[in-house]
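Descriptive analysis of the structure
Now for the letters of each chain:
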Amino acid sequence: MTDPNARFDGSIPRIYDRHLGPLLFEPYARDLVSRLPVPAPPRVLEIACGTGIVTAALCSTLPAHTELVATDLNEAMIALARNRLEGAPNLTWRTADASALPFQDAEFDLVVCQFGLMFFPDKLAAVREFRRVLRRSGRLLLNVWDSLAENPIGRIAHETISSFFPGNPPDFFQVPFGLADRSLLGRLIRDGGFEEVRLEVVSIEGTSESAGHAAYGLLHGNPMSAALRERGVSDSGPLVEALTAALAAAGGSAPLRLPMRAIVIEGRAV
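Residues numbered from 1 in each chain as written. Predicted model: local features only at pLDDT ≥ 70, side-chain atom pairs only at ≥ 80, totals over all residues. Heavy atoms only, no water.

The subject of this paragraph is the nonpolar core. Judged by nonpolar contacts, the single largest core of 91 residues is most densely connected at F130, W145 and L247. Ranked by the residues each element gives to this core, the list is headed by helix α1 (residues 12–33), at ten residues. (Core = buried A, V, L, I, M, F, W, Y, C linked by side-chain atoms within 4.5 Å. Buried < 20%, exposed > 50% of the residue type's maximum accessible area, 1.4 Å probe, protein only. Helix = DSSP H or I, 4+ residues; strand = E, 2+ residues; numbered from the N terminus.)

Here it is, written out as structure tokens:
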């Protein structure tokens, strides 16, 4: 892995899961699993499973006979996810690069990916891999964040942090919120080998126990923490305070409530 914006290791998985999971990822995990095809597919592959938030939702929703394989490029994320779901039946974990999946052609009936596509260096190669491992007429179900302009949590974090480094602002938040062009997304999925491609904007209110809780996660629960160290930040206290205040001003102190917007993409393998 060469892109530092895709490196989730060290203490990041624990902070990500505790501080950002309930706020950003659990609501959209519930939305994704509500879209599972009926009848349930016999073999499901999850890409970029992270700390297992969508994996847990899949395990709770899919019938016991469905085989689920959950993958991520970051072993530290999988370790936390594996601990979360220890003993889950018919669940297998694999460390895998989305652009070079370690599976045979047509092994799966459904591929699921929550908020992972934005981090893949070669997005078309990844989508083509999704198609390769799906049987003909298998389904793709994924989501990406809409733009920073439509997601105040990310926008406030990006603007607040950038104000501390006017000459060299970290660019991390431009990555997860940087794949919002719907026409580009549609072409990408179709060029990757899918038809009946459907895109839907999904707005959900994000809730955190407090603005400070969210601020800590936004600074330390992702590769932003490494970007801060690279800029000589040994004490993130002032940044946490500034971001807490900015988030609270927009969405309240305890709890914090702010709107979020994502794009859900569905397609059928040609």
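So, about helix α6 (residues 182–191). Within α6, burial applies to L185, G186, L188 and I189. Seen along its axis, α6 keeps its buried residues to an arc of 160°; they face one direction. Buried residues along α6 sit in contact with α4 (123–133), β5 (134–145), β6 (194–208) and β7 (256–269). G193 lies just past α6 and shows a positive phi near 110°. (Arc of directions from axis to C-beta. Contact = heavy atoms within 4.5 Å.)

With that out of the way, let us pick up the side chain of N222. With respect to the helices and strands, N222 occurs in the loop between α7 (211–220) and α8 (224–230). We classify N222 as buried; its relative accessible area is 3%. Engagement of the side chain of N222 in a polar contact is seen with the backbone oxygen of L218, the distance being 3.0 Å. Non-local contacts of N222, meaning those with residues more than four positions away in its chain, are made with F8, I12, L20, F172, F173 and G217. (Polar contact = N/O pair within 3.5 Å; in protein donor to acceptor, adjacent residues only side chain to side chain.)

Before going further, it helps to spend a moment on the layout of surface pockets. Think of a ball as big as a water molecule: rolled over the atoms, this probe shows where empty space is left. Of the volumes computed, that of the largest pocket is approximately 700 Å³. F8, A48, F115, G116 and F119 are, among the 44 residues lining the largest pocket, the residues nearest its centre. Residue assignment for the lining of the largest pocket shows that the elements contributing at least two residues are α1, β1 (43–47), α2 (53–61), β2 (67–72) and α5 (152–164). When residues in the lining of the largest pocket are grouped by element, the largest group, four residues, is from α1. Of the residues assigned to the lining of the largest pocket, the class counts are 28 nonpolar, twelve polar and four charged. There is about 180 Å³ of room inside the second largest pocket. The wall of the second largest pocket is formed by 13 residues, among which H220, S225, L228, R229 and V233 lie closest to the centre. Of all the secondary structure elements, the ones that give two or more residues to the lining of the second largest pocket are α1 and α8. Top contributing element to the lining of the second largest pocket by residue count: α8, with three residues. (1 Å grid on protein atoms, 1.4 Å probe; cavity = no way out; pocket = protein on both sides within 12 Å on 5 of 7 lines; lining within 4 Å. Points joined across faces, edges and corners; volume = space filled by probe spheres on them. Nonpolar A, V, L, I, M, F, W, Y, C, P; charged D, E, K, R; others polar.)

What follows deals with the packing of α1 against helix α3 (residues 75–84). Contact geometry of α1 with α3 gives a least axis separation of 8 Å together with a crossing angle of 55°. Classed by the angle they form, the pair α1 and α3 counts as oblique. Considering only the axes of α1 and α3, their crossing is right-handed. Seen from α1, the contacting residues are P13, R14, Y16 and D17; seen from α3, they are A76, M77, L80 and R84. (Axes fitted to C-alpha atoms, helices over the stretch in contact; angles between N-to-C directions. Parallel < 35°, antiparallel > 145°, perpendicular 65-115°, else oblique. Left-handed = near helix turned anticlockwise from the far one by under 90°.)

Moving on: the pattern of salt bridges. One pass over the structure, following the stated rule, counts 21 salt bridges. As a salt-bridge pair, E209 and R18 come within 3.4 Å of each other at their nearest N and O atoms. With E209 in the loop between β6 and α7 and R18 in helix α1, this residue pair connects regions lying 191 residues apart in the sequence. When its relative accessible area of 43% is taken as the criterion, R18 is described as partly exposed. Within the structure, one salt-bridge network assembled from shared partners comprises D31, R35, R198, E200 and E266. (Salt bridge = Lys/Arg side-chain N within 4 Å of Asp/Glu carboxyl O.)

Turning our attention to the environment of F120. Along the chain, F120 falls in the loop between β4 (108–114) and α4. Judged by its relative accessible area of 12%, F120 falls in the buried class. Put simply, F120 and A6 are 114 residues apart on the chain and 8.1 Å apart in space, counted from C-alpha to C-alpha. The contact partners of F120, leaving out residues within four places of it in the chain, are I47, A48, A98, C113, A126 and F130.

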